[in-house]
Amino acid sequence: MKILVLSDRIPPENAGGAEKVAWSFALGLRDLGHDVHILSGTSGNPFGETRDGIPTTHIHARWPVRTHAYFTLYHPGVAKQVAKVYEQVRPDVIAAFNVHNALTYHSLTLAHRRRIPSLAYFQDVMSVAYGKLTHFVSPSPDTYTADAMRLPRFYNLRFARFRYNPFRNPRIRHVLKQHATTLVATSKALQTALTVNGIPVPRVIYPGIAEARWQAGPDDLQRLKSRLGLAGKPVIVFAGRLSIHKGSVQVLNALRRVREKIPEVRLLLLTRSTLEQQGVMKPEFADLQSNIVTGGWLEGAELAAAYRAADVITTPSVCLDSMSGINLEAMVCRKPVVTSYLGGSPEAVIDGVTGYVVNPFDSEAYADRLMRLLNDREHAQTLGEAGYQRYKAHFVLNDRAAELADHLAEAVAGRR
């Protein structure tokens, strides 16, 4: 099949979780023998190039933030460029991973008009909400129900205020129902959240990881530990920028408890952001600064070495985190995970088997699970190996790309 992948942004310019998933699926589809092209956006001048054997077209897509709720539906300049790419590539099918920040939902309408079948792959709740889904989150797990994920009346209006567009969500629902051939979610948790908010998604396809891209040798590991001062230290890894929604307060509170029992513990942050930008330099966290190390932005073997330097990796999100790629990356590196019960993480991490699923608001229980793994290396290795076996069974990139390809082929056959 000739497959055109749509993603608002792709690596290396943008290397967030959603962009990495879109790019990984494109590589997986290419490796299966499909003719893959990518359409993406850029805030600069448009350009085209070939990356890893995949032709990529980057169209200019930029507008003021305050108008986003309008231009995410349709932008005349973007529509003209997207239509031109459709005519040039003439794909058999479109795999749309993200179209709400640059390519616009109208890209699905343009495909429909040209009788090009399309699969919309959801990785977040932006089709129903203006930000992270947090309204149902509380320190009590009892509030975490499918019904609780339904947005309260006027929730988006209160969140967006003057940026609110009353026609946004109805139009998105119309486009997805009438113009997209099939809808897929990255996790069952996201599938539920979208469904209760008016976008029924019939299928789930988990993302996949290519193990070959997560290799690091002993020398890589030694160099990283030496550079960051981690040699001989128990290490907790948090990949990404500390933020409220990603559980910054919760992980720092747990770290304080862990440090009381394990003074030499280190929290390794893998991010471009400085400690000041992440709020770690606030007075209330001053006592923890000697236990926190910023690894910077790492890639390739150095990033794999950072994961392998960890005794445990943690993802304590306090929002609906659809499917944390960090959990999957930890599993392919044979590392146990302590993760949040919110979102799709429990679909990847099996509590007590491949890691621990915790309530991040319960600092005592959260710290206890971290310490179990820091104090018992054999137990950590057992869970890490179980995580790797779970990765092999459910999250290998070629397997998940083949599953996606089957659904794309169904969409093509159905349209014919």
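Attention here is on the structure that accompanies the text. Note that the structure is a prediction, hence the values are computed from the model and not measured.

Cut-offs used in this document
Residues numbered from 1 in each chain as written. Predicted model: local features only at pLDDT ≥ 70, side-chain atom pairs only at ≥ 80, totals over all residues. Heavy atoms only, no water. Pairing = 2+ DSSP bridges. Helix = DSSP H or I, 4+ residues; strand = E, 2+ residues; numbered from the N terminus. Axes fitted to C-alpha atoms, helices over the stretch in contact; angles between N-to-C directions. Contact = heavy atoms within 4.5 Å. Core = buried A, V, L, I, M, F, W, Y, C linked by side-chain atoms within 4.5 Å. Buried < 20%, exposed > 50% of the residue type's maximum accessible area, 1.4 Å probe, protein only. Parallel < 35°, antiparallel > 145°, perpendicular 65-115°, else oblique. Nonpolar A, V, L, I, M, F, W, Y, C, P; charged D, E, K, R; others polar. Salt bridge = Lys/Arg side-chain N within 4 Å of Asp/Glu carboxyl O. Left-handed = near helix turned anticlockwise from the far one by under 90°.

Within the open sheet, the 6 strands sit side by side as β11-β10-β9-β12-β13-β14. Their pairing is parallel. Two strands bound the open sheet, and with one partner strand each, they are β11 (292–294) and β14 (355–358). For this sheet the average axis-to-axis angle between neighbouring strands, irrespective of direction, equals 25 degrees. Where strand β9 (residues 235–239) meets strand β10 (residues 266–270), 5 bridges bridge the pair, whose relative direction is parallel. Among the inter-strand pairings, phenylalanine 238 is bridged to a residue of β10, identified as leucine 269. Against the sheet, helix α9 (residues 248–261) makes contact with β9, β10, β11 and β12 (312–315), and its axis sits at roughly 155 degrees relative to β10, the strand it touches most.

This part takes up the nonpolar core. Among the nonpolar cores identified, the biggest contains 52 residues, and Leu6, Tyr86, Phe122, Ile199 and Leu320 are the most heavily contacted of them. Put simply, the parts of the chain that give this core at least two residues each are β1 (2–7), α3 (76–89), β5 (93–98), α4 (106–113), β6 (118–122), α6 (168–178), β7 (182–185) and α7 (188–196). With 7 residues, α3 is the largest single contributor of residues to this core. Apart from the residues within four sequence positions on either side, phenylalanine 122 is in contact with Ser127, Leu176, Leu183, Val184, Ala185, Thr186, Leu190, Leu194, Ile199 and Val201. Judged by nonpolar contacts, the second largest core, of 35 residues, contains Val235, Ile326, Leu328 and Phe395.

A few words on the environment of histidine 106. By the element assignment, histidine 106 lies in helix α4. Along the primary structure histidine 106 and valine 78 are separated by 28 residues, whereas in three dimensions their C-alpha atoms are 9.1 Å apart. With residues up to four places along the chain from it excluded, the contact list for histidine 106 reads Leu73, Tyr74, Ala79 and Arg113.

Of the positions making up α7, those classed as buried are Ala189, Leu190, Gln191, Ala193, Leu194 and Val196. For α7, the secondary structure elements touched by its buried residues are β6, β7, β8 (203–204) and α12 (345–348). Of the residues flanking the end of α7, it is glycine 198, one or two places downstream, whose phi is positive at about 100 degrees.

Attention now moves to the packing of helix α13 (residues 363–375) against helix α14 (residues 377–394). At a minimum axis separation of 5 Å, α13 and α14 run at an interaxial angle of 105 degrees. Considered as vectors, α13 and α14 are oriented roughly perpendicular to each other. Of the residues in α14, those touching α13 at Arg372, Leu373, Leu374 and Asn375 are Arg377, His379, Ala380 and Leu383. Counted by class, the contact of α13 with α14 contains 4 nonpolar, 2 polar and 2 charged residues.

Turning our attention to unusual backbone geometry. Backbone torsion omega between proline 11 and proline 12 reads 5 degrees, so that peptide bond is classified as cis. Relative to the helices and strands, proline 12 is located in the loop between β1 and α1 (17–31). The phi dihedral of arginine 90 is positive, around 50 degrees, even though this residue is not glycine. Assignment of secondary structure puts arginine 90 in the loop between α3 and β5.

We now examine the pattern of salt bridges. Side-chain pairs of opposite charge can arise where the charged atoms are in close proximity. Here the structure, examined in full by the defined rule, presents 19 salt bridges. Two residues, arginine 377 and aspartate 311, come together in a salt bridge whose shortest N-O distance is 2.9 Å. With arginine 377 in helix α14 and aspartate 311 in the loop between α10 (300–308) and β12, this pair connects stretches of sequence that are 66 residues apart. For glutamate 385, the salt bridge is made with arginine 334, and the minimal N-O distance between the two is 2.9 Å. On the criterion of sequence distance, the pair formed by glutamate 385 in helix α14 and arginine 334 in the loop between α11 (325–332) and β13 (337–340) is long-range, its members being 51 residues apart. We classify arginine 334 as partly exposed; its relative accessible area is 37%.

For the rest of this paragraph, the subject is the packing of α3 against α4. The contact between α3 and α4 brings their axes to 10 Å, and the two run at 40 degrees. As judged from the angle between their axes, α3 and α4 are oblique. For the crossing formed where α3 meets α4, the hand is right-handed. Seen from α3, the contacting residues are Ala79, Val82, Ala83 and Tyr86; seen from α4, they are His106, Ser107, Leu110 and Ala111. Within the contact of α3 with α4, the residues separate by chemical class into 6 nonpolar, 2 polar and no charged.

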